[in-house]
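Summary of structural features
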Amino acid sequence: PAFSGTGLTAAGQVLTTTDNQTMTLNQCAGMWVIPVTGATPPVLILSNTAVTGAPAVLTVQGVPATNAGTYKIVQGAASSAVEITNGDAINILTGGRFYAIGV
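Please read all numbers here as calculations on a predicted model, not as lab measurements. (Residues numbered from 1 in each chain as written. Predicted model: local features only at pLDDT ≥ 70, side-chain atom pairs only at ≥ 80, totals over all residues. Heavy atoms only, no water.)

Regarding the overall build of the protein chain
Check the secondary structure of the protein chain and you find zero helices and eight strands. In sequence order, the secondary structure elements of the protein chain are arranged as β-β-β-β-β-β-β-β. Here the protein chain holds 103 residues, and the buried ones make up 25% of them. With an accessible surface of roughly 6500 Å², the protein chain has 58% of that area assigned to carbon and sulfur atoms. (Helix = DSSP H or I, 4+ residues; strand = E, 2+ residues; numbered from the N terminus. Buried < 20%, exposed > 50% of the residue type's maximum accessible area, 1.4 Å probe, protein only. Areas by Shrake-Rupley, 256 points an atom, 1.4 Å probe, with all protein chains shown as cover.)

Spelled out as structure tokens, the structure:
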């Protein structure tokens, strides 16, 4: 993860960490907030404030929710993606990270 911590509060499309972080303006844009507890869904970060040793304010896309558990902020998938449909062999995927997203 690029960042990790404990505790998030939500108001509209804004998540605020309850712990302190240090990040530059929009450093996390395009990254994902993933609550490790699994109680709330991951959300895409659209922008963030610059902070030094203070709670981070993240504007997100998705359904943000308050979560007292731990979280990670991670970089997203590569700029290209391959959709694998039912019956496709996944051994054709090489040379990169693998992200599985399903329903």
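Brief notes about the environment of Gln61
In this fold, Gln61 is placed in strand β7 (residues 57-61). You can call Gln61 partly exposed: its relative accessible area is 47%. When the C-alpha atoms of Gln61 and Val14 are compared, they prove to be 8.9 Å apart, with 47 residues separating the residues in sequence. Residue contacts for Gln61: discarding those within four places in its chain leaves Gln13, Val43, Leu44 and Leu46. (Contact = heavy atoms within 4.5 Å.)

A short note on the sheet that holds strand β2 (residues 14-17)
Strands sit in the order β1-β2-β7-β5-β4-β8 around a closed barrel of six strands; the barrel is antiparallel. The sheet shows a mean angle of 45° between the axes of neighbouring strands, taken without regard to direction. As paired strands, strand β4 (residues 31-35) and strand β5 (residues 43-48) are joined by two bridges and run antiparallel to one another. Along β5, the bridge assignment pairs Trp32 with Leu44. (Pairing = 2+ DSSP bridges. Axes fitted to C-alpha atoms, helices over the stretch in contact; angles between N-to-C directions.)

Section: the nonpolar core
Side chains that are nonpolar tend, in soluble globular proteins, to be buried together. Ranked by size, the top nonpolar core spans 15 residues in total, and within it Leu15, Met23, Cys28, Val33, Ile45, Leu58 and Ile73 carry the most contacts. Looking at this core, the elements that each hand over two or more residues are β1 (3-11), β4, β5, β7 and β8 (67-75). (Core = buried A, V, L, I, M, F, W, Y, C linked by side-chain atoms within 4.5 Å.)

Comments concerning the pairing of β1
One ladder, built from five bridges, connects β1 with β8; its direction is antiparallel. Across the sheet, the residue bridging to Leu8 is Asn67, located in β8. Two strands pair when backbone bridges link them, and β1 and β2 are joined in this way by four bridges, in the antiparallel orientation. Note on β2: the bridge partner recorded for Ala11 is Val14. Linkage of β1 to β2, two consecutive antiparallel strands, is achieved through a turn of two residues, within which Gly12 is found at a positive phi near 65°.

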